[in-house]
Amino acid sequence: MNALLLGIKLQFKMDIRSKTLLVTCYLVPLLFFAVMGGIFTSLMPEAKNTLIQSMTVMGVSMGALAGVPPSIVEIYGTDIKKMYSANGIPMYFGLVSLFVSAFIHIMVMGLIIFAAAPIIFHASIPSNLPLYFLALALFIIVSLSIACILGLAVKSQAKLTMYSQIIFLPSIMLSGIMFPAEFLPKILENIGKLFPATWGYILLSQNNRSSSAFIPLFIILFTAVILNSILLKKIRSS
Amino acid sequence: MSYAIEITDLKKSYGNTEVLKGISFHVKQGEIFGILGINGAGKTTTLECIEGFRKYTSGTIKVKGKIGIQLQSASLPSYIKVKEAVQLFTKWKKADTDTSLLYALGINDLEKKLYTELSTGQKRRLHLALALIGNPDVLFLDEPTAGLDVEGRISLHNEIRKLKEKGTTIILASHDMSEVETLCNRIAILNDGVISFLGTTGELASKVGKRYMIKILSEDGEKEYSTGSIADSLLKILEEYKRKNITILDLKINRGTLEQHFIDIAKG
C-alpha cells in the first residue's frame, strides 16, 4: 500500500474514533431523517416522492459543512502541518485524506437513508438509479470542496462554527428541501442558487439526464478547486 | 576534515529588518553543535534556513546527507495511534519498517495508545522517533527537552548521546545553557543576527572561569556586578558605597557560571 492510501485508511479510522464526524455524518442527519421523515410524510403525503433526496441533501450538507472543517483546522491551523512538512509529507496530504475519508462516510450515510426511507416511510425510490448515485457523488464532492475552503481559510475553531453555520443554514433553508424554492421571494430564491444544496436537490430529484443542474455544480466545484489550491499555496509559503 | 554542514555569509531579511547579518560556521560530521541565543536572536531563522523551511536572502548553505527534524512545537492528529504514526511516516519517508526505534526510545509499550493520551515526555520521544525514521545523517533538535521533567530530560540526553556515538551529526538549538554544556562539542551564540561566540564549551568555560559575580546587599537593596578583575572592581564598588554613605549589610563573591556568561554574550 502506498503512503497516500495508508494515510486515507488511517484517516478513515481516526474519523470513526473522533466523535465529531460520527455525530455530524451519522447521528444528527439520521436522527433528523427519523424525526422529520415522519413529520413530512404525515403532513404532506406527496413528500414521499422526494423524501430520500431531501433528507440526503440535509445529511450531506451537515456532514460536509459542519463535520469536515474542524478536522481540517486541526491539521492546517496547528503544528501538525509543520510536523508533516518537516518529515517530508506533502502539504496536500491532510486535505486529500480527510476529503476521501469524509466522502466515504457521507456516502454510507446517504446509502442508509436510501435503504431505510422506503421501508420506514414508504418513500419513492428514484427511478434512474445510476443518475441518482452519480448526482449524489458529485454533490458530496462539491459540498466537501466548500468545506475544505472553510477549513483552510478560517484558523480558529470558534470562528469556524460561525462561518459553517452561515453557509449551512441558508443552504438548507433556501435549497427547497423544507418547502418549494419557488414559494420563496425572488431574491431569496436567487441567493439559494449560490449554494450547492439547491443544485444538489434539483439534480437528485430529476430523472432525466438534463445537464442544466450539472453545470452550476461543476462551476462551483471548479471555483472551489482553484480557491483551495490558492489557500494551500498560501499556507505552504507561510 | 569532513563537514556535515557549511554555512557561509548567511543573510536573511524580513522586509527592511535584517534578522541574520551574514553568519558563517561549519559543523563537523558526528559532532553535537549547539545554537544558542535569547529570543529574537535569529536562532530559529538560522535553523529554518538550514532545514530548508525558509528562503534566505544571500549566502550559501551546504548540508551533506539525509536530514531529520524534531521541531520545538510539533503535534499529530489527536486520534492517531503511536504505531500508526510510525507506519505513516515510514511510508512517506520510503524507509524500512524499524520498530527498534520505539524500543530504543522506550515507547514500544505505547504502540496502541492514541496521541492525545500521551504525556508531554512521551510525545517528545515519539517526535524524536519520527524524526529518526530513515536513519538521518544530520538531526536537528529544537529545544528537545522543553517541558520535560528531570527524569525525562536525563533520559532524552542519554538517547542523544547514543545517536552521536552512532555517528549522527546533531544540531541542537536551545537557550538552556546546562543542556548545551552537557551535550554539545561546540556552540555558536547568536546575538542580534550575528555570531558573538563560536567555539567549544571548554573555551567558553575557560572564559567563565575568569569572571566573578559580586553581590552586595545594602540598605538600598541588592545589586550584582559581573567582572573579570575582582580586586580593582571590588575596590571601586566599595569606594562608591562609602562616598554615597550607604551601609553594606552583606557581600558575596562567586565565580561566574556558564549561564551568566551566556547572558553576558547573548545580550552583547
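Residues numbered from 1 in each chain as written. Chains lettered and ligands numbered in written order. Predicted model: local features only at pLDDT ≥ 70, side-chain atom pairs only at ≥ 80, totals over all residues. Heavy atoms only, no water.

Undergrad: Any details on the overall build of chain B? Residues and values, ideally.
TA: The number of helices and strands found in chain B is nine helices and twelve strands. Structurally, chain B occupies a C-alpha span of about 75 × 40 × 35 Å along its principal axes. Burial statistics for chain B: of 268 residues in total, 46% are counted as buried. Within chain B, counting contacts between residues at least 6 apart in sequence, those at least 24 apart form 66% of the total. In the structure as shown, chain B presents an accessible area of about 13,300 Å², 47% of it carried by carbon and sulfur atoms. Averaged over its 38 positive side-chain charges, chain B has a centre that lies 4 Å from the centre of its 34 negative ones. (Helix = DSSP H or I, 4+ residues; strand = E, 2+ residues; numbered from the N terminus. Buried < 20%, exposed > 50% of the residue type's maximum accessible area, 1.4 Å probe, protein only. Contact = heavy atoms within 4.5 Å. Areas by Shrake-Rupley, 256 points an atom, 1.4 Å probe, with all protein chains shown as cover. Lys, Arg positive; Asp, Glu negative; His and termini not counted. Charge placed at Lys NZ, Arg CZ, Asp CG, Glu CD.)

Undergrad: So what's going on with the layout of surface pockets? Residues and values would help.
TA: Put simply, the largest pocket is a space of about 760 Å³. Every residue lining the largest pocket is counted, 29 residues in all, and those nearest its centre are Ser85 and Arg236 of chain A together with Gly52, Phe53 and Arg54 of chain B. Going through the elements one at a time, helix H4 (80-86) and helix H10 (214-237) of chain A together with helix H1 (43-51) and strand S5 (67-70) of chain B are the ones with two or more residues in the lining of the largest pocket. Of the residues assigned to the lining of the largest pocket, the class counts are nine nonpolar, eight polar and twelve charged. When its volume is computed, the second largest pocket comes out at roughly 380 Å³. In terms of lining residues, the second largest pocket is bounded by 20 residues, among which Gly176, Phe179, Pro180, Ala181 and Tyr201 of chain A are the most central. Among the secondary structure elements, those contributing two or more residues to the lining of the second largest pocket are helix H3 (51-76) and helix H9 (196-205) of chain A. Residues belonging to the lining of the second largest pocket are distributed by class as follows: eleven nonpolar, five polar and four charged. (1 Å grid on protein atoms, 1.4 Å probe; cavity = no way out; pocket = protein on both sides within 12 Å on 5 of 7 lines; lining within 4 Å. Points joined across faces, edges and corners; volume = space filled by probe spheres on them. Nonpolar A, V, L, I, M, F, W, Y, C, P; charged D, E, K, R; others polar.)

Undergrad: Let's hear about the sheet that holds strand S1 (residues 3-14) of chain B: which residues, and what values?
TA: Residues and elements named next belong to chain B. Taken together, the three strands give an open sheet; going across it, the order is S2-S1-S4, and neighbouring strands pair in antiparallel fashion. What marks the edges here is a single partner per strand, and that holds for strand S2 (17-28) and strand S4 (58-63). Direction aside, neighbouring strands of the sheet carry axes that sit 15° apart on average. The sheet contact formed by S1 and S4 spans five bridges and is antiparallel. Bridge pairing links isoleucine 7 to isoleucine 61 in S4. Against the sheet, H1 engages S1, S2 and S4, with an angle of about 60° to S2. (Pairing = 2+ DSSP bridges. Axes fitted to C-alpha atoms, helices over the stretch in contact; angles between N-to-C directions.)

Undergrad: Describe the interface of chain A and chain B, listing the residues and the values that go with them.
TA: Residue-level contacts link 24 residues of chain A with 24 residues of chain B. Of the roughly 2,300 Å² buried between chain A and chain B, counting both surfaces, carbon and sulfur atoms make up 68%. Ranking the residues of chain A by area buried against chain B places Arg17, Met83 and Asn87 of chain A at the top, with a combined share of 27%. Taken together, the connections running from chain A to chain B amount to two salt bridges. A salt bridge links arginine 17 of chain A to glutamate 84 of chain B; the nearest nitrogen and oxygen atoms lie 2.7 Å apart. Connecting chain A to chain B are four residue pairs in polar contact (both at pLDDT 80 or more). Among the secondary structure elements, those contributing two or more residues to the side of chain A that touches chain B are helix H1 (3-17), H4 and helix H5 (92-121) of chain A. A per-class count over the side of chain A that touches chain B returns 14 nonpolar, five polar and five charged. (Buried area = accessible area lost by both parts, 1.4 Å probe. Salt bridge = Lys/Arg side-chain N within 4 Å of Asp/Glu carboxyl O. Polar contact = N/O pair within 3.5 Å; in protein donor to acceptor, adjacent residues only side chain to side chain.)

Undergrad: Requested: an account of the UniProt feature "transmembrane region" (unreviewed entry) in chain A, with residues and values cited.
TA: All names here are of chain A. When the UniProt feature table is mapped onto this chain, "transmembrane region" (unreviewed entry) is found at residues 21-44, 50-72, 92-125, 131-154, 166-184 and 213-232. End C-alpha to end C-alpha, residues 166-184 measures 19 Å, and it is 47% helix and 0% strand. Annotation note: span residues 213-232, helix share 95%, strand share 0%, distance between end C-alpha atoms 29 Å. (UniProt positions renumbered as here; feature names shortened; annotations may be inferred.)

Undergrad: Which residues make up the pattern of salt bridges, and what are the values?
TA: Tallied over the entire structure, the rule returns eleven salt bridges over all chains. Ionic pairing is found between glutamate 31 of chain B and arginine 186 of chain B, a salt bridge with its closest N-O pair at 3.0 Å. You can see glutamate 31 of chain B sitting in the loop between S2 and strand S3 (32-37) and its partner arginine 186 of chain B sitting in strand S8 (residues 186-191), a full 155 residues away along the chain. Side by side, glutamate 31 of chain B and arginine 186 of chain B carry an identical accessibility label, which is buried. Several salt bridges converge on common partners, so that one network encompasses Lys82 of chain A together with Glu48 and Arg54 of chain B.

Undergrad: Report on a positive patch on the surface, specifying residues and quantitative values.
TA: There is a patch of like positive charges on the surface, built from Lys9 and Lys13 of chain A together with Lys83 and Lys112 of chain B. Mapped onto the elements of the fold, lysine 112 of chain B is located in the loop between helix H3 (100-104) and helix H4 (120-132). The class for lysine 112 of chain B is exposed, based on a relative accessible area of 72%. (Patch = residues over 30% accessible without salt bridge, like charges linked within 9 Å, V, L, I, M, F, W, Y side chains within 5 Å.)

Undergrad: Describe the domain arrangement of chain B, naming the residues involved and giving the relevant values.
TA: The domain boundaries assigned to chain B delineate domain 1 (3-206) and domain 2 (209-267). Here domain 1 of chain B and domain 2 of chain B have C-alpha centroids that lie 37 Å from each other. (Domains from an automatic or database assignment.)

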